[in-house]
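# Survey of secondary and tertiary structure
If you want the building blocks of each chain, they are given just below.
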Amino acid sequence: MDPSHNLASERSSIESTYELTKYLEYQLKEIKDVYLTYLGPPFNEKDFSPPRPNSTALTLPSAATRLELWHGLENQARLAQNQRAYSILLAAVRELARSTLCPSLKTSLLHFCTGLDGLLGSISALMNSLGYSSPAQAAAGELQFPQRGTGSNRPAPLMSQSLKVEGFWILRELQSWLWRSAKDFNRLKKRLRASSLTRHRYY
């Protein structure tokens with residue numbers, strides 16, 4: 001296949017994944033504000049930050065990994081970590097939507113889940129275009145969350161403090177991952193551009 005065609009395909013895949021990530025990052029800022037208001041004080045207070053819980057919904061690599069360690073990973077490893085994290089976070093946000101009693105907030109969360117699902121597909125396509133094998137998404141066991149209602153069609157009961165803390169941290173981790181992913185995809189674009197310039201010197 002023509003190398004220039006490969007480069008164009010890779011560039012297009014990276015660009016579309018980057019743009020979707022930035023869109024979701026922007027969308028999440030609005031949803032997070034509404035969700036924290038829904039949780040009420042002290043969660044909607046500016047400087048409030050409860051300890052990160054060790055819960056099923058957060059069995060993913062923290063996005064707080066030091067940047068020098070993160071940048072030391074190969075592109076394939078970083079993309080695989082992104083894919084695994086978003087698989088887990090997608091299931092967690094779906095559970096947040098299911099347990100939310102506010103109809104408009106529930107709709108916003110479900111719409112956001114559609115975008116996250118699209119991002120997972122975009123990352124898989126990007127890995128394929130770069131010649132990487134796309135790993136299986138997070139194991140099914142990692143995606144099982146305790147149901148907070150007593151029936152699938154019944155509204156969830158009022159959230160306990162621990163579940164509110166969990167919801168707070170799910171959105172915070174998601175925000176951090178989207179920020180980091182956007183940086184990753186931007187770095188990939190720059191590397192691809194540099195690689196393209198190098199190749200052209202030899203043709």
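See the structure above.
Residues numbered from 1 in each chain as written. Predicted model: local features only at pLDDT ≥ 70, side-chain atom pairs only at ≥ 80, totals over all residues. Heavy atoms only, no water.

## Quick notes on the nonpolar core
- Of all hydrophobic cores here, the largest spans 42 residues; its most connected members are Tyr86, Phe112, Leu116 and Leu174.
- If you list the elements that add at least two residues to this core, you get α1 (3–39), α3 (75–99), α4 (103–129) and α5 (161–201).
- For Tyr86, the residues in contact, after removing those within four places along its chain, are Leu116, Leu119, Leu120, Ile123, Leu174, Trp177, Leu178 and Ser181. (Core = buried A, V, L, I, M, F, W, Y, C linked by side-chain atoms within 4.5 Å. Buried < 20%, exposed > 50% of the residue type's maximum accessible area, 1.4 Å probe, protein only. Helix = DSSP H or I, 4+ residues; strand = E, 2+ residues; numbered from the N terminus. Contact = heavy atoms within 4.5 Å.)

## Focus on the side chain of Thr100
- Structurally, the position occupied by Thr100 is in the loop between α3 and α4.
- The class of Thr100 is buried, set by a relative accessible area of 2%.
- A distance of 2.5 Å separates a polar atom in the side chain of Thr100 from the backbone oxygen of Leu96.
- With sequence-adjacent residues up to four places away left out, Thr100 is seen in contact with Tyr35, Tyr38, Leu105, Lys106 and Leu109. (Polar contact = N/O pair within 3.5 Å; in protein donor to acceptor, adjacent residues only side chain to side chain.)

## Comments concerning the pattern of salt bridges
- Taken as a whole, this structure holds five salt bridges when the rule is applied.
- Here Glu25 and Lys22 are joined by a salt bridge, their closest N and O atoms 3.1 Å apart. Here the residue Glu25 and the residue Lys22 both occupy positions in helix α1, the gap between them amounting to three residues, near one helical turn.
- You can call Glu25 buried: its relative accessible area is 10%.
- Classification of Lys22 as partly exposed rests on a relative accessible area of 36%.
- One salt bridge in this structure joins Arg78 and Asp184, with 3.6 Å as the shortest N-O distance. Taken together, the residues span a long stretch of sequence, with Arg78 in helix α3 and Asp184 in helix α5 at a distance of 106 residues. Across the pair, Asp184 and Arg78 agree in class, each one buried. (Salt bridge = Lys/Arg side-chain N within 4 Å of Asp/Glu carboxyl O.)

Structural measurements only, silent on function.
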